[in-house]
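# Survey of secondary and tertiary structure
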Amino acid sequence: LDQLKSNVMKWNSLRAANPAMQITLKEAPLSGKVLAHADLHAADLEKASLKRSDLEKADLQNANLRGADLRSANLQRADFRQADLRGANLWLANTSWARYEGAIVSSETVLDSGKKATPEWARKHAARFSNEPGQ
């Protein structure tokens, strides 16, 4: 966690050298952190606090973001493919050009607009809608 907070480039080098490394950041306090370009694929970020964080171009593929607080975060070009976003809160986040193919959302997922995710939203973004609760 300290490595991620202090130097994303070193973090990404660590991930590249250890691609199978398990990343558990459940309930991690990462609000307001600059994590642009961070390699967080397959990370467990359940209920993590990422409010106002800069996650531009972050790799969040296959990440567990159930119940994560992403309000007002910069998620521009973030990669959420196959990520679990059930119960995540993205209210007021910048989600321009974010990728959601295969991501899981539910009626508990709060979108950047403040509205809850719907099956229609999921289809439009090539995501999957689940009726299971997010938390």
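These numbers come from a predicted model, not from an experiment.

Across all of its chains, the model carries 2 aromatic pairs by this definition. The interplanar angle of 5° and the centroid separation of 5.5 Å between the aromatic rings of F80 and Y100 together place this pair among those described as stacked. Pair noted here: F80 is in the loop between helix 2 (8–17) and strand 1 (104–106) and Y100 is in the loop between helix 2 and strand 1, with a separation of 20 residues, a long-range link. Comparing F80 with Y100, the two get one shared label, buried. Between Y100 and W121, the aromatic rings sit 5.1 Å apart at their centres with planes inclined by 75°, giving edge-to-face as the arrangement. Of the two residues, Y100 sits in the loop between helix 2 and strand 1 while W121 sits in helix 3 (residues 119–124), which places them 21 residues apart along the sequence. One exposure class covers both Y100 and W121, and it is buried. In this structure, R77 is placed above the aromatic ring of W97, and the distance from its NZ or CZ to the ring centre is 4.5 Å.

Phi is positive for Q82, which is not a glycine, with a value near 65°. Mapped onto the elements, Q82 comes out in the loop between helix 2 and strand 1. In this structure, L92 is a non-glycine residue whose phi angle is positive, near 65°. Along the chain, L92 turns up in the loop between helix 2 and strand 1.

Reading the values: rules and limits
Residues numbered from 1 in each chain as written. Predicted model: local features only at pLDDT ≥ 70, side-chain atom pairs only at ≥ 80, totals over all residues. Heavy atoms only, no water. Phe/Tyr/Trp six-rings, centres within 6.5 Å; stacked < 30°, edge-to-face > 60°. Helix = DSSP H or I, 4+ residues; strand = E, 2+ residues; numbered from the N terminus. Buried < 20%, exposed > 50% of the residue type's maximum accessible area, 1.4 Å probe, protein only. Lys NZ or Arg CZ within 6 Å of the ring centre and 35° of its normal.

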